[in-house]
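Per-entry structural report
Listed below, chain by chain, are the residues.
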Amino acid sequence: MQASEVQRAVTTATSIASSLGLTADDAIVLHNSNKLTLRLLPCDVLARVAPVADQVAQFEVELAQRLAESGCPVAALEPRVEPRVHERDGFAVTLWTYYEPVTAREVPPADYANALERLHAGMRKLDLPTPHFTDRVEQAQQLVANRDRTPALADADRELLGDTLRRLRRGIGERGGAEQLLHGEPHPGNVLTTKNGLLFIDLETCCRGPVEFDLAHAPDEVGEHYPGVDQGLLRECRILVLTMITTWRWDRGDQLPNGRQLGTEWLSQIRAALDREGLETPG
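Residues numbered from 1 in each chain as written. Predicted model: local features only at pLDDT ≥ 70, side-chain atom pairs only at ≥ 80, totals over all residues. Heavy atoms only, no water.

A few points about the overall build of the chain
- Each helix and strand in the chain was counted, giving 8 helices and 9 strands.
- Relative to a compact globule of 283 residues, whose C-alpha radius of gyration would be 19 Å, the chain shows 20 Å and is just as compact.
- For the C-alpha atoms alone, the extent of the chain along its principal axes is close to 60 × 45 × 35 Å.
- When each of the 283 residues of the chain is scored for burial, the buried share is 48%.
- Within the chain, counting contacts between residues at least 6 apart in sequence, those at least 24 apart form 68% of the total.
- Here the chain displays about 13,800 Å² of accessible surface, and carbon together with sulfur accounts for 47% of that area.
- Side chains of the chain give 30 positive and 42 negative charges; the mean places of these two sets differ by 1 Å. (Helix = DSSP H or I, 4+ residues; strand = E, 2+ residues; numbered from the N terminus. Rg over C-alpha atoms; globule rule 2.2 N^0.38 Å. Buried < 20%, exposed > 50% of the residue type's maximum accessible area, 1.4 Å probe, protein only. Contact = heavy atoms within 4.5 Å. Areas by Shrake-Rupley, 256 points an atom, 1.4 Å probe, with all protein chains shown as cover. Lys, Arg positive; Asp, Glu negative; His and termini not counted. Charge placed at Lys NZ, Arg CZ, Asp CG, Glu CD.)

A few points about helix α1 (residues 3-19)
- Under the 1.5 Å per step criterion, the end-to-end length of α1 is 25 Å for 17 residues, consistent within 8% with the ideal 24 Å.
- Those residues of α1 not exposed but buried are V6, A9, V10, T12, A13, T14, I16 and A17. (Expected span 1.5 Å × (residues − 1).)

Remarks on the packing of aromatic side chains
- Scanning the entire structure with this criterion turns up 2 aromatic pairs.
- Consider the rings of Y112 and F200, whose centres lie 6.5 Å apart with planes at 65°: the pair is edge-to-face. With Y112 in helix α3 (residues 109-123) and F200 in strand β8 (residues 197-200), this residue pair connects regions lying 88 residues apart in the sequence.
- By relative accessible area, F200 is classed as buried at 1%. (Phe/Tyr/Trp six-rings, centres within 6.5 Å; stacked < 30°, edge-to-face > 60°.)

Details of the state of the cysteines
- One pass over the full model with this rule turns up 0 disulfides.
- Looking at C72, it has no disulfide partner, and the nearest cysteine sulfur is the one in C206, 11 Å off.
- C237 takes part in no disulfide bond, and the closest cysteine sulfur to it belongs to C207, at a distance of 10 Å. (Disulfide = S-S within 2.5 Å.)

Some thoughts on the packing of helix α5 (residues 155-174) against helix α7 (residues 231-249)
- Close contact between α5 and α7 brings their axes to 10 Å; oriented N to C, the two are set at 145°. You can see that α5 and α7 cross each other, and the crossing is left-handed. Listed contacts from α7 to L161, T164, L165, L168, G171 and I172 of α5 are L233, E236, C237, I239, L240, T243, M244, T246 and T247.
- Of the residues assigned to the contact of α5 with α7, the class counts are 9 nonpolar, 5 polar and 1 charged. (Axes fitted to C-alpha atoms, helices over the stretch in contact; angles between N-to-C directions. Left-handed = near helix turned anticlockwise from the far one by under 90°. Nonpolar A, V, L, I, M, F, W, Y, C, P; charged D, E, K, R; others polar.)

Observations regarding the nonpolar core
- In terms of nonpolar packing, the biggest core is built from 62 residues, with L63, L67, L119, F213 and L240 touching the most fellow members.
- In terms of residues, this core owes the most to one element, α7, which gives 8 residues.
- If sequence neighbours within four positions are ignored, L119 has contacts with L67, C72, P73, V74, H183 and F200.
- Residues V6, A24, A47 and F91 belong to the second largest nonpolar core, which totals 20 residues. (Core = buried A, V, L, I, M, F, W, Y, C linked by side-chain atoms within 4.5 Å.)

Quick look at the pairing of strand β5 (residues 91-97)
- Among the 7 residues in β5, 6 count as buried, and that is most of the element.
- Two strands pair when backbone bridges link them, and strand β3 (residues 45-51) and β5 are joined in this way by 7 bridges, in the antiparallel orientation. Its bridge partner lying in β5, V45 is registered against T97.
- Hairpin remark: strand β4 (residues 86-88) followed by β5, antiparallel, with 2 residues in the connecting loop; positive phi at D89, about 55°. (Pairing = 2+ DSSP bridges.)

Next comes the structure, spelled out in structure tokens:
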């Protein structure tokens, strides 16, 4: 969220919380990306704020409720208020339980895999209309093809990204493996370490696809502890995900700190991964 919008978003979130009977005299910004994440005090509520036009908050609220009811390891909505999306002043605000983080030690890969397996088991029981993972790949392909949005991308790198996205999207689809509802981006930044164990957040990225697509977002060791993984498919999904996130870094509107530096480093990693897997690189 642009800096000019942050204070207005904070004011909106605290105003909504106060109108619901929650004491919100202060707000701490925990994270600012496509949406703003705030800790409201002294009520100790987590607020997520996004522009109304850009959000899929209602889907996330409904999914979080259903997954929590089935015992899945997901962050819960704030229990003191009605579970819904609050729209005001051009923002959509959702209110969640705030979890005090435990020691920031690295999550054991076996625990990570177990939590993700439990999440997937709960998701298999749900029948919800969601995008396919290839829809997100297509978004990356469109970005690569749009020189106005990616003006700093060199021709050779543009060819590398476009060719890799196209071939892996087709190759993974042709495998014809089992597909189900997925988190979409269960990377470490979307996993909370709490006294209640590991909890997944940010469910707005849900899509359908093979579980290996989700595992590709997690540290490599996690895939070694998840049962029944197709390791060849997982390696392809890892290259695909790396190519997608590299593409986002070259969007001229990308706001990730050091995003361009990461984009350059990841281009080299893509070439090395393709070479390792015996996949031809363009140019």
